[in-house]
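A closer look at the structure
Letter by letter, the chains look like this.
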Amino acid sequence: MGKVQQNKLVKRQALLDAAYELFLENGLAKTSISEIASKANVAKGTFYLYFSDKDALLRALLGRISYHILENACTAAEALGPIPFADKILAVADHV
């Protein structure tokens with residue numbers, strides 16, 4: 001991955017991290033795009049390079065959170081050892 005791509009990824013992650021913290025503190029409705037950009041140390045216009053609006057950012061944030069939840073559940077199911085596939089699926093579902 002090149003330097004430009006890495007910088008883009010860092011900025012996107014910073015926006016997601018800032019939004020997550022602000023949404024937890026203030027709620028979605030009371031958090032502005034300007035606040036998110038400021039907390040992420042980027043210009044407000046930079047926000048729009050990555051997300052069309054707050055709803056698009058929220059969808060990306062929910063996707064990231066869902067991925068981590070599922071990844072943790074799969075890791076926990078794998079730790080159970082050699083069990084039938086159906087039991088692993090149940091273990092993942094139980095973990096989630």
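From a predicted model like this one, the values you see are computed outputs, not experimental measurements.

In regions of low pLDDT, the predicted coordinates are not meant to be interpreted in detail. Predicted confidence across the protein chain gives a mean pLDDT of 92, with 100% of residues reaching 70 or more. Model confidence for the protein chain, summarised as mean pLDDT per element, is weakest for helix α5 (residues 85-95) at 85 and strongest for helix α2 (residues 33-39) at 97.

The next subject is the side chain of Thr31. Along the chain, Thr31 falls in the loop between α1 (3-26) and α2. Engagement of the side chain of Thr31 in a polar contact is seen with the backbone oxygen of Leu22, the distance being 3.3 Å. Not counting chain neighbours up to four residues away, the residues in contact with Thr31 comprise Leu22, Phe23, Asn26, Ile36 and Lys54.

Let us look at the pattern of salt bridges. Under the definition given, this model contains three salt bridges. Glu21 is the partner of Lys39 in a salt bridge, and the nearest nitrogen-oxygen pair spans 3.3 Å. A residue pair is termed long-range when its members are at least 10 positions apart, and Lys39 in helix α2 and Glu21 in helix α1 qualify at 18 residues. Judged by its relative accessible area of 38%, Lys39 falls in the partly exposed class.

Cut-offs used in this document
Residues numbered from 1 in each chain as written. Predicted model: local features only at pLDDT ≥ 70, side-chain atom pairs only at ≥ 80, totals over all residues. Heavy atoms only, no water. pLDDT = per-residue confidence, 0-100. Helix = DSSP H or I, 4+ residues; strand = E, 2+ residues; numbered from the N terminus. Polar contact = N/O pair within 3.5 Å; in protein donor to acceptor, adjacent residues only side chain to side chain. Contact = heavy atoms within 4.5 Å. Salt bridge = Lys/Arg side-chain N within 4 Å of Asp/Glu carboxyl O. Buried < 20%, exposed > 50% of the residue type's maximum accessible area, 1.4 Å probe, protein only.

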